[in-house]
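This is what each chain is made of:
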Amino acid sequence: MKARNAMSMNEATPVAVDIRLMNMTSLLLFGVLTLMLLGATCWWAVRHPLFALSAISVQGDVRHNNAVTLRANVVPRLQGSFFTVDLIQAKTAFENVPWVRKALVRREFPNRLSVELEEHQPAAYWGNESDSRLLNQQGEVFSANFGELDNENLPHLSGPDTESIQVLRMYEILKPELQKVQLQIKGLELTARGSWRAELKSGAHLELGRGGSDEVMARVERMTLTLAQVAQRFGRQPQALEAADLRHVNGYALRLRGVSTLTSTTR
């Protein structure tokens, strides 16, 4: 009896193995067919005209760009369909358009791209007058057509491109301080040696010396606090200033219109 039971179990074992192999084979074939079906579906979707990019909707700041210029500059650089277009490449293409600072690109099913643009907001001219470059409000350098400026009365700033943010911030600090004595700053330069120079709208030039904003402001404040008194000694107003050198340790030197003597003063 025991021998018969053992024989039955031995006979059943190959049958169970065969069933498991058949099940595994079936699952494998089903998986392969599923992948093939998915691949065919994806290929169909990629190739189907329904998903070919046909329109781009633009939102945000488009003061200096319109659909015509964007289409001319961007569309030739886009490749692929709704599913395959490279959004990073599309973002770069939009940001290479003049005046565009940032672009956010999204897909819109089934065949559109949605783009939200942020344009540069010019704060100053940058570099040499022959350069067609500007500085935006974040201190970033960008190229643009000056003829498209809404406001041409921008200050002229210059210096190493890597220091553009610092130059803009220094200008923003100096402007209200000089206005206290009715002096209007026109331009500011950071030289290759790290020295600051300012030009006023009156044509006067100021040598501000080296250093960070705290050091430069200390020297400028020393001048603005005493300039009116010094100018009054010679019967002049602060607006008669033609040049000033603030690099002296305990004072500053200046030249007033109609006064040939170079005068230094201390607090």
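Refer to the preceding data block for the structure.
Residues numbered from 1 in each chain as written. Predicted model: local features only at pLDDT ≥ 70, side-chain atom pairs only at ≥ 80, totals over all residues. Heavy atoms only, no water.

Engineer: Could you clarify how one ought to interpret the nonpolar core in this entry?
Structural biologist: General note: in soluble globular proteins, nonpolar side chains tend to be found buried as a group. Judged by nonpolar contacts, the single largest core of 36 residues is most densely connected at L157, L174, L188, L206, L208, M223 and L241. The element that contributes the greatest number of residues to this core is helix 5 (residues 213–233), accounting for seven residues. L174 has contacts with I185, L188, L208, V216, M217 and V220, leaving out every residue within four places of it along the chain. One finds L70, A93, V97 and A103 within the second-largest nonpolar core, a separate group that totals 14 residues. (Core = buried A, V, L, I, M, F, W, Y, C linked by side-chain atoms within 4.5 Å. Buried < 20%, exposed > 50% of the residue type's maximum accessible area, 1.4 Å probe, protein only. Helix = DSSP H or I, 4+ residues; strand = E, 2+ residues; numbered from the N terminus. Contact = heavy atoms within 4.5 Å.)

Engineer: Please explain the packing of aromatic side chains as it appears in this structure.
Structural biologist: Remark: the centre distance and the inter-plane angle together describe each pair of aromatic rings, the angle taken between the planes. With the rule as written, the count across this model stands at four aromatic pairs. Consider the rings of Y125 and F146, whose centres lie 5.0 Å apart with planes at 70 degrees: the pair is edge-to-face. In this pair, Y125 is assigned in strand 4 (residues 122–126) and F146 in the loop between strand 6 (141–143) and strand 7 (156–158), connecting sequence segments 21 residues apart. Here a set of aromatic residues connected by ring pairs shows up, and it is made of F82, F83 and F109. (Phe/Tyr/Trp six-rings, centres within 6.5 Å; stacked < 30°, edge-to-face > 60°.)

Engineer: How should unusual backbone geometry be read in this particular structure?
Structural biologist: Among all residues save glycine, negative phi is the norm, and among peptide bonds the norm is trans. With an omega of 10 degrees, the peptide bond between F109 and P110 qualifies as cis. Examined against the element boundaries, P110 turns out to sit in the loop between strand 2 (100–108) and strand 3 (112–119). Positive phi, close to 80 degrees, is recorded for W99, a residue that is not glycine. W99 gets classed as buried once you look at its relative accessible area, which sits at 2%. Positive phi is not limited to glycine here, since Q182 has a value of about 60 degrees.

Engineer: Got a minute to help me understand the layout of surface pockets in this structure?
Structural biologist: Empty space among the atoms can be located by rolling a probe the size of a water molecule over them. Of the volumes computed, that of the largest pocket is approximately 360 Å³. H156, S158, G187, E189 and E199 are, among the 16 residues lining the largest pocket, the residues nearest its centre. Of all elements in the fold, only strand 7, strand 8 (185–190), strand 9 (195–200) and strand 10 (205–210) reach the threshold of two or more residues within the lining of the largest pocket. Among the elements that make up the lining of the largest pocket, the one with the highest residue count is strand 8 (four residues). Classifying every residue of the lining of the largest pocket gives four nonpolar, six polar and six charged. Taken as a whole, the second largest pocket encloses approximately 250 Å³ of empty space. Among the secondary structure elements, those contributing two or more residues to the lining of the second largest pocket are strand 1 (55–60) and helix 2 (67–74). With four residues, helix 2 is the single largest residue contributor to the lining of the second largest pocket. A breakdown of the residues in the lining of the second largest pocket according to their chemical character gives 10 nonpolar, three polar and one charged. (1 Å grid on protein atoms, 1.4 Å probe; cavity = no way out; pocket = protein on both sides within 12 Å on 5 of 7 lines; lining within 4 Å. Points joined across faces, edges and corners; volume = space filled by probe spheres on them. Nonpolar A, V, L, I, M, F, W, Y, C, P; charged D, E, K, R; others polar.)

Engineer: How should I be thinking about helix 4 (residues 164–179) in this particular structure?
Structural biologist: Because each turn of an α-helix spans 3.6 residues, side chains separated by three or four positions end up pointing in the same direction. Here helix 4 is 16 residues long and its end C-alpha atoms lie 23 Å apart, about the 22 Å a rise of 1.5 Å per residue gives. Of the residues making up helix 4, those classed as buried are S164, V167, L168, M170, Y171, L174, E177 and L178. (Expected span 1.5 Å × (residues − 1).)

Engineer: Explain the pairing of strand 3 to me, please; I cannot follow it from the model alone.
Structural biologist: One face of the sheet, then the other: side chains in a regular strand alternate in exactly this way. Pairing of strand 1 with strand 3, which is carried by six bridges, proceeds in the parallel orientation. Residue pairing in the sheet places S57 in a bridge with S114 of strand 3. Relative to strand 3, strand 2 runs antiparallel, the two being bridged by eight bridges. Within the sheet, the bridge partner assigned to V105 lies in strand 3 and is V115. Counting the residues between successive antiparallel strands, the hairpin from strand 2 to strand 3 contains three residues. (Pairing = 2+ DSSP bridges.)

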